[in-house]
Amino acid sequence: MHSPYFLGPPPNKRLDGCNCNRITSLFPSVSITDIGCNSHSEFGAGNRDYPSIPDFIFRFLPSSSPDFSQFFPFQISTSSSGEEPCYAGVPMSSIVEQGLGVGDVISLLWFKRSLPRYCTKFIEICIMLCADHGPCVSGAHNTIVTARAGKDLVSSLVSGLLTIGPRFGGAIDDAARFFKDAYDRGLTPYEFVEGMKKKGIRVPGIGHRIKRGDNRDKRVELLQLFARTNFPSVKYMEYAVQVETYTLSKANNLVLNVDGAIGSLFLDLLAGSGMFTKQEIDEIVEIGYLNGLFVLARSIGLIGHTFDQKRLKQPLYRHPWEDVLYTK
Ligand SMILES: CC(=O)SCCNC(=O)CCNC(=O)[C@H](O)C(C)(C)COP(=O)(O)OP(=O)(O)OC[C@H]1O[C@@H](n2cnc3c(N)ncnc32)[C@H](O)[C@@H]1OP(=O)(O)O
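Residues numbered from 1 in each chain as written. Predicted model: local features only at pLDDT ≥ 70, side-chain atom pairs only at ≥ 80, totals over all residues. Heavy atoms only, no water.

For the protein, the name recorded in an unreviewed UniProt entry is ATP citrate synthase, with Gossypium mustelinum as its organism.

K.L.:
I tried to follow the overall build of the protein on my own but got confused; where do I start?
P.N.:
For the protein, the helix and strand inventory stands at 15 helices and 3 strands. Relative to its 328 residues, the protein shows a buried fraction of 43%. Here the contacts in the protein between residues at least 6 apart in sequence split such that 72% fall between residues at least 24 apart. Here the protein displays about 18,400 Å² of accessible surface, and carbon together with sulfur accounts for 56% of that area. (Helix = DSSP H or I, 4+ residues; strand = E, 2+ residues; numbered from the N terminus. Buried < 20%, exposed > 50% of the residue type's maximum accessible area, 1.4 Å probe, protein only. Contact = heavy atoms within 4.5 Å. Areas by Shrake-Rupley, 256 points an atom, 1.4 Å probe, with all protein chains shown as cover.)

K.L.:
It is not clear to me how helix α14 (residues 278-287) should be interpreted in this structure. Could you clarify?
P.N.:
Spacing of three or four residues puts side chains on the same side of an α-helix, whose turn is 3.6 residues. Buried within α14 we find Ile281, Ile284 and Val285. Viewed along the axis of α14, the buried residues span an arc of 95°, placing them on a single side of the element. Among the exposed residues of α14, those pointing more than 90 degrees away from its buried face are Gln279, Glu286 and Ile287. Taken together, the buried residues of α14 touch α5 (102-111), α9 (172-184) and α13 (258-272). Trailing α14 by a residue or two, Gly288 shows a phi angle of about 90°, which is positive. (Arc of directions from axis to C-beta.)

K.L.:
What exactly am I supposed to notice about the site of the ligand here?
P.N.:
Near the ligand you find 17 residues, and of these Gly169, Arg202, Val203, Gly205 and Ile206 are the closest. Within the backbone of Pro166, a nitrogen or oxygen atom sits 2.9 Å from a nitrogen atom of the ligand. Gly205 places a polar main-chain atom, nitrogen or oxygen, 2.8 Å from an oxygen atom of the ligand. When isolated, the ligand has an accessible area of 910 Å², and the protein chains bury 66% of it. Class assignment of the residues belonging to the shell around the ligand gives a composition of 8 nonpolar, 5 polar and 4 charged. (Near = heavy atom within 4 Å. Polar contact = N/O pair within 3.5 Å; in protein donor to acceptor, adjacent residues only side chain to side chain. Nonpolar A, V, L, I, M, F, W, Y, C, P; charged D, E, K, R; others polar.)

K.L.:
So what exactly am I meant to see when it comes to the side chain of Glu244 here?
P.N.:
Relative to the elements of secondary structure, Glu244 occurs in helix α12 (residues 235-248). Look past the residues within four positions of Glu244 in its chain and what remains in contact with it is Ile206, Arg216, Leu254, Val255 and Leu256.

Structure, rendered in structure tokens:
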């Protein structure tokens, strides 16, 4: 009997070739007739109602089937094909009715799962604390200069975002990578820091232009307080604090900065929540999801700086020439 589910995209979205042979070789219990592909079935040809490949796969094959992700040229977690958009399968009405927040939306769209409330609250705190840090930091400065040059919102925003990198807000992923590697290998803070020094690499997540051992970053303290109160384990963060204790013994500016706090605490979130396999954690750290938190957060502040300059009708910025040493 023919399956009601025909393999293949609607004619107006036809992909190259058909997947029948690939499917039958992967799933011996499925015959080409079962598939009902428009190339191989009298029912398929010209039928505009047959479902897409994803539709066929999900509805026809048992959930125990081998990995069929190879059949999907685009893999998305936002569905817009039903009555309402879904984020990782969760309908928007459910998100609104349950009173979920932006942390939950990030967990659905980035991590493809609903995380416990303390995790999504932590994500929200990261976003709130990193939203702005005044006009003098690299990103805000660029955005302000661009807005005052008469450029539009998007240009002003991206010119600020482009400063995010290893010295400014973009050290979260590297902090997570290096702290994880050092902790998992059982390195003492001394072995870790001195090993980095030998390699000529500054410890990501350590150091600040302004903050000092006797003038701590309030954002770091707030993140640590939340995690110590709500996380089941903060072993990576405690390791980062031990590293900080050692680096502070070398110089007073080598504090654990906000990138290092978020990087180490996100490791604790990933490892302690029980929501991620070891393989998934390694992949998230390797791909580098975590700088995204700073990029997203700081966009809020940079947009604000753009509006400020426009509202205050600020003229073209010109840097004071007194700051410049003219050399031949
Ligand atoms: C939200 C944020 O942007 S937080 C910052 C995120 N970036 C990082 O965490 C990257 C690692 N940290 C750094 O590169 C720096 O500490 C910065 C960029 C954050 C601050 O830099 P500055 O205040 O300009 O410090 P400066 O460059 O003057 O460094 C002074 C000395 O301190 C030492 N030092 C500074 N940071 C580190 C570090 N992370 N690890 C080891 N030594 C360091 C070095 O000896 C440095 O001397 P060097 O120039 O000979 O290497």
